[in-house]
Amino acid sequence: MTTRSSHPAFGPALALGAGAIWSFGAILARLADKSDAFQYLAWRSVGIIVVLETWSLLNRQPHRTVQAFTSGRRMLIATVMLLLASLGFVYAIKTTTAANAAFLGSTTPLFGALAAKLVLHERLTRRTLVAIAIAFGGLIVMVAGDLEVGSIVGDLAALMAAIGFAGYTVAVRSDPTRDWSPVMPGYGLMLIVFCSIVTLARQKTLVPPTHDIGLALLHGGVIIVGGTLLYNAASHNVPAAAMTVFAQSEMVLVPIWAYLVLSETSSRSTVIGGSIIFAAVLGKALLDARAPEPHQVPPALPG
């Protein structure tokens, strides 16, 4: 009898679910309009650390924040990569349109596929390559009509986020049996230090309005923690390149929530491009559920 966790659709469903959960975070960041990216990220990181350290305390487990910096090179690499991804995406959300930030971030599968091939030697199957090609085509359609309305700095930050998230995915995939949850409070602590320094250097307060602090804590403690735990679980049986494709559910949903909650309309090119990307993600998910791709357990990175 096939268990739920062994079903070929289970891993992809986890990665898709992670992206869906993360998509709500972009809206929370936009609603916190009285704080800048650095103030928001610092408090969001507080939410991450509080939730995970409380969980560790209740379960009498070691402090996860400490483990992030004492568990070897791979854990540290994953922490730094997630730091880049988080900093880049939230900065993009704060400085450019939600659609630009989301769909420029959807270049992650391209970087993820390249990194998985070079670092983990994962075989890129035809389904994965086709899905990436289609998703990239959708990205081009969207960017052709929307890029001029965004901030170039924000757009570059979104691309940095894509590179960081691809690197994080490869690091996690390098050892699917490992507990990677310490990465979250680890990069959270690094963000608090970095964002606090930047905020004070700009002569701004570390304590923005209570409304924004509440949204940031909710974003970190619920959205980031919940989505990342699902994503880490997906790495047990989904190759790195495929994981980044499935997680694009976040980038597809962000403009939809932006329209429904913020009344931020998207252009025709955004709708068409987003639909193409969504078709690539959904099509690959359905094909993988019917005929899962063969893959080997990837070699571990040093450290």
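From a predicted model like this one, the values you see are computed outputs, not experimental measurements.

What counts and how
- Residues numbered from 1 in each chain as written.
- Predicted model: local features only at pLDDT ≥ 70, side-chain atom pairs only at ≥ 80, totals over all residues.
- Heavy atoms only, no water.
- Core = buried A, V, L, I, M, F, W, Y, C linked by side-chain atoms within 4.5 Å.
- Buried < 20%, exposed > 50% of the residue type's maximum accessible area, 1.4 Å probe, protein only.
- Helix = DSSP H or I, 4+ residues; strand = E, 2+ residues; numbered from the N terminus.
- Contact = heavy atoms within 4.5 Å.
- Salt bridge = Lys/Arg side-chain N within 4 Å of Asp/Glu carboxyl O.
- Axes fitted to C-alpha atoms, helices over the stretch in contact; angles between N-to-C directions.
- Parallel < 35°, antiparallel > 145°, perpendicular 65-115°, else oblique.
- Left-handed = near helix turned anticlockwise from the far one by under 90°.
- Nonpolar A, V, L, I, M, F, W, Y, C, P; charged D, E, K, R; others polar.

Participant: Give me the lowdown on the nonpolar core, citing residues and values where you can.
Facilitator: Soluble globular proteins: nonpolar side chains tend toward being buried together. Formed by 60 residues in total, the largest nonpolar core has its most connected members in Trp-22, Phe-165, Tyr-168, Tyr-187 and Tyr-231. With 11 residues, the top contributor of residues to this core is helix α4 (residues 73-95). Among residues more than four places away in sequence, those in contact with Tyr-231 are Ala-18, Trp-22, Phe-165, Tyr-168, Thr-169, Met-243, Thr-244 and Ala-247. Ala-113, Ala-131, Leu-139 and Ala-241 belong to the second-largest nonpolar core, a separate cluster that totals 11 residues.

Participant: Lay out the pattern of salt bridges in plain terms, naming residues and giving numbers.
Facilitator: Scanning all chains against the criterion turns up five salt bridges. Residue Arg-202 pairs with Asp-36 through a salt bridge whose shortest N-O separation is 3.4 Å. Residue Arg-202 is located in the loop between α9 (183-201) and α10 (210-234), and its partner Asp-36 is located in the loop between α1 (10-31) and α2 (37-58); the two are separated by 166 residues in the primary sequence. Between Lys-204 and Asp-36 there is a salt bridge, and its shortest N-O distance comes to 3.1 Å. Here Lys-204, found in the loop between α9 and α10, pairs with Asp-36, found in the loop between α1 and α2; they are 168 residues apart in sequence, far enough to count as distant. A relative accessible area of 35% means that Lys-204 is categorised as partly exposed. Each of Asp-36, Arg-202 and Lys-204 takes part in salt bridges that share partners, so that together they form one network.

Participant: Can you tell me about the packing of α4 against helix α8 (residues 152-173), naming the residues and giving the values?
Facilitator: Contact pair α4 / α8: the axes reach a minimum separation of 7 Å and the direction vectors enclose 155°. Relative to α8, the element α4 lies roughly antiparallel. Our pair here, α4 against α8, has a crossing hand that is left-handed. Together, Arg-74, Ala-78, Met-81, Leu-82, Leu-84, Ala-85, Leu-87, Gly-88, Phe-89, Tyr-91, Ala-92 and Thr-95 of α4 and Val-153, Gly-154, Ala-157, Ala-158, Met-160, Ala-161, Gly-164, Phe-165, Gly-167, Tyr-168 and Ala-171 of α8 make up the contact between the two elements. A class-by-class count of the residues in the contact of α4 with α8 yields 17 nonpolar, five polar and one charged.

Participant: Account for the environment of Pro-185, naming residues and giving values.
Facilitator: Within the secondary structure layout, Pro-185 lies in helix α9. Counting along the chain gives 40 residues from Pro-185 to Val-225, while the straight-line C-alpha distance between them is 9.4 Å. Excluding residues that lie within four positions of it along the chain, Pro-185 makes contacts with Ile-48, Ile-49, Leu-52, Arg-64 and Thr-65.

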